[in-house]
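Structure assessment
Residues per chain, in single letters:
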Amino acid sequence: MLLVLALPLLWSPALTAPAPRQAVGRTSIVGGQEAPENKWPWQVSLRYKDRFWIHFCGGSLIHPQWVLTAAHCLGPEVDDPKDLRVQLREQNLYYHDHLLRVSRIIVHPKFYTVENGGDIALLELLHPVDLSSGVQPVTLPPASETFPPGTPCWVTGWGDVQSGMFLPPPYPLKQVKVPIVENSVCDSNYHSDLSTGDSIRIVREDMLCAGDRRRDSCQGDSGGPLVCKVEGSWLQAGVVSWGYGCARPGKPGIYTRVTYYLPWIRQHVPQEP
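Small disclaimer: the values here were computed from a predicted structure and weren't measured.

This brings us to the overall build of the protein. Tallying secondary structure elements over the protein gives two helices and 15 strands in all. Among the 273 residues that make up the protein, the fraction classed as buried is 58%. Long-range contacts, defined as pairs at least 24 residues apart, comprise 73% of the intrachain contacts of the protein with a sequence gap of at least 6. Summing over all exposed atoms, the protein offers an accessible surface of approximately 11,600 Å²; the carbon and sulfur share of this is 52%.

Have a look at this one:
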């Protein structure tokens, strides 16, 4: 079963809220540990209103007024900015909420086609963020960056700690170091359990694979950032998108490749803050 990582973090008779879109996505970090406070200052929690503003997806601040996330977290069900809030720089969910309003939702148009791509979206905040508060945008990579296997990369989020096991209170931000897996190897692995013909690519050029049977993203991590350290700088390589379970042998997590969508991002987001 392909698993979209956009599910509510909390689930009890008193707290039930369906994900805005049940697609192929990820929720929480598997095989990781609690992230040191302030280590990932671009990490975002997206909130959807049920009885309160509940976490359902991650994201990353890429500009003082723009957040990058996954399209399956939003469209087509969530298209009204009033239905969303953004929480920045929070170590434990719900403990120090200061929710920000969204003025615009932009889902990549390819997401609505039969091409099975375009799992990327932008949120414009109503007001720019004050960067003196400790929040910091993540750097987007140059178009030439390929993030080859062996590149040190990390994924962060508040998702499940394994399939079907929710992140327990106090809901700390989790992190895990994940290995990049070459696309052709990843595609071959995904074909092994499916009847899809070998000539049909499952892992496409706009995707990036990372993780192994011990380390992966999971439900609730969807939309969050995969960041890699290149020449001393953290660059966002991917957006948590989908996968076959969580930390399944031979089934790395699949991320939207940020470099593929740089021209589209730059159509909307100013390059200078």
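To continue, consider unusual backbone geometry. Comment: phi is negative for the bulk of residues other than glycine, and the bulk of peptide bonds are trans. In this structure, Asn38 takes a positive phi of about 75 degrees despite not being glycine. Tracing the backbone shows Asn38 in the loop between strand S2 (33-34) and strand S3 (43-49). Taking the relative accessible area as the measure of exposure, Asn38 reaches 46% and is therefore partly exposed. In this structure, Tyr171 is a non-glycine residue whose phi angle is positive, near 55 degrees.

Once that is clear, we can look at the pairing of strand S7 (residues 100-107). Of the strand pairs in this sheet, strand S6 (residues 84-88) and S7 are connected by two bridges, and their pairing is antiparallel. In the strand pairing of S7, Val86 is matched with Leu100. Across five bridges, S7 lies against strand S8 (residues 121-125) in antiparallel orientation. Among the inter-strand pairings, Val107 is bridged to a residue of S8, identified as Ala121.

On to the state of the cysteines. Counting across every chain of the model gives three disulfides. Disulfide pairing places Cys57 opposite Cys73 at an S-S distance of 2.1 Å. Taking the sign of the torsion about the S-S bond as the criterion, the disulfide between Cys57 and Cys73, at about -85 degrees, is left-handed. Of this pair, Cys57 sits in strand S4 (residues 53-63) while Cys73 sits in the loop between strand S5 (66-69) and S6, and the two are 16 residues apart along the sequence. On the accessibility criterion, Cys73 (1% relative accessible area) is buried. Between the sulfur of Cys186 and that of Cys209 lies a disulfide, 2.1 Å long from S to S. Where Cys186 bonds to Cys209 through sulfur, the torsion about that S-S bond is close to -85 degrees, and the disulfide is left-handed. In this pair, Cys186 sits in helix H1 (residues 183-191) while Cys209 sits in strand S12 (residues 207-210), placing the two residues 23 residues apart along the sequence. Grouping residues by exposure puts Cys186 and Cys209 together as buried.

In this structure, Leu74, Val86 and Leu123 are the most contacted members of the largest nonpolar core, which totals 48 residues. Mapped onto this core, the elements with two or more residues apiece are S3, S4, S5, S6, S7, S8 and helix H2 (262-268). Broken down by element, the residue count for this core peaks at five residues, all from S7. Val86 has contacts with Val44, Ser45, Leu46, Val67, His98, Leu99, Leu100, Val102, Leu123 and Leu125, leaving out every residue within four places of it along the chain. Within the second largest apolar cluster, 15 residues are counted, among which are Val176, Leu226, Leu235 and Tyr255.

In this section: the packing of aromatic side chains. One pass over the structure, following the stated rule, counts nine aromatic pairs. Between Trp40 and Trp234 the ring centres are 5.1 Å apart and the planes differ by 75 degrees, which places this aromatic pair in the edge-to-face class. A residue pair is termed long-range when its members are at least 10 positions apart, and Trp40 in the loop between S2 and S3 and Trp234 in strand S14 (residues 233-244) qualify at 194 residues. When its relative accessible area of 4% is taken as the criterion, Trp40 is described as buried. Considering the side-chain rings of Phe52 and Tyr94, the 5.3 Å spacing of their centres and the 80 degrees angle between planes classify their relative orientation as edge-to-face. In this pair, Phe52 sits in the loop between S3 and S4 while Tyr94 sits in the loop between S6 and S7, placing the two residues 42 residues apart along the sequence. Across from the ring centre of Trp154, 4.7 Å away, lies the NZ or CZ of Lys39, which sits over that ring.

A few words on the pattern of salt bridges. In total, this model carries six salt bridges according to the counting rule given. Its salt-bridge partner being Arg47, residue Asp97 comes within 2.8 Å of it at the nearest N-O pair. Of this pair, Asp97 sits in the loop between S6 and S7 while Arg47 is found in strand S3, placing the two residues 50 residues apart along the sequence. Judged by relative accessible area, which is 33%, Asp97 ranks as partly exposed. On the basis of relative accessibility, which here comes to 0%, the residue Arg47 falls in the buried class. A salt bridge links Arg104 to Glu124, with the shortest nitrogen-to-oxygen separation between them at 3.0 Å. Of this pair, Arg104 sits in strand S7 while Glu124 sits in strand S8; the two residues are 20 residues apart in sequence, bridging distant segments of the chain. Among the residues examined, Arg104 registers a relative accessible area of 37% and is labelled partly exposed.

About the criteria used
Residues numbered from 1 in each chain as written. Predicted model: local features only at pLDDT ≥ 70, side-chain atom pairs only at ≥ 80, totals over all residues. Heavy atoms only, no water. Helix = DSSP H or I, 4+ residues; strand = E, 2+ residues; numbered from the N terminus. Buried < 20%, exposed > 50% of the residue type's maximum accessible area, 1.4 Å probe, protein only. Contact = heavy atoms within 4.5 Å. Areas by Shrake-Rupley, 256 points an atom, 1.4 Å probe, with all protein chains shown as cover. Pairing = 2+ DSSP bridges. Disulfide = S-S within 2.5 Å. Core = buried A, V, L, I, M, F, W, Y, C linked by side-chain atoms within 4.5 Å. Phe/Tyr/Trp six-rings, centres within 6.5 Å; stacked < 30°, edge-to-face > 60°. Lys NZ or Arg CZ within 6 Å of the ring centre and 35° of its normal. Salt bridge = Lys/Arg side-chain N within 4 Å of Asp/Glu carboxyl O.

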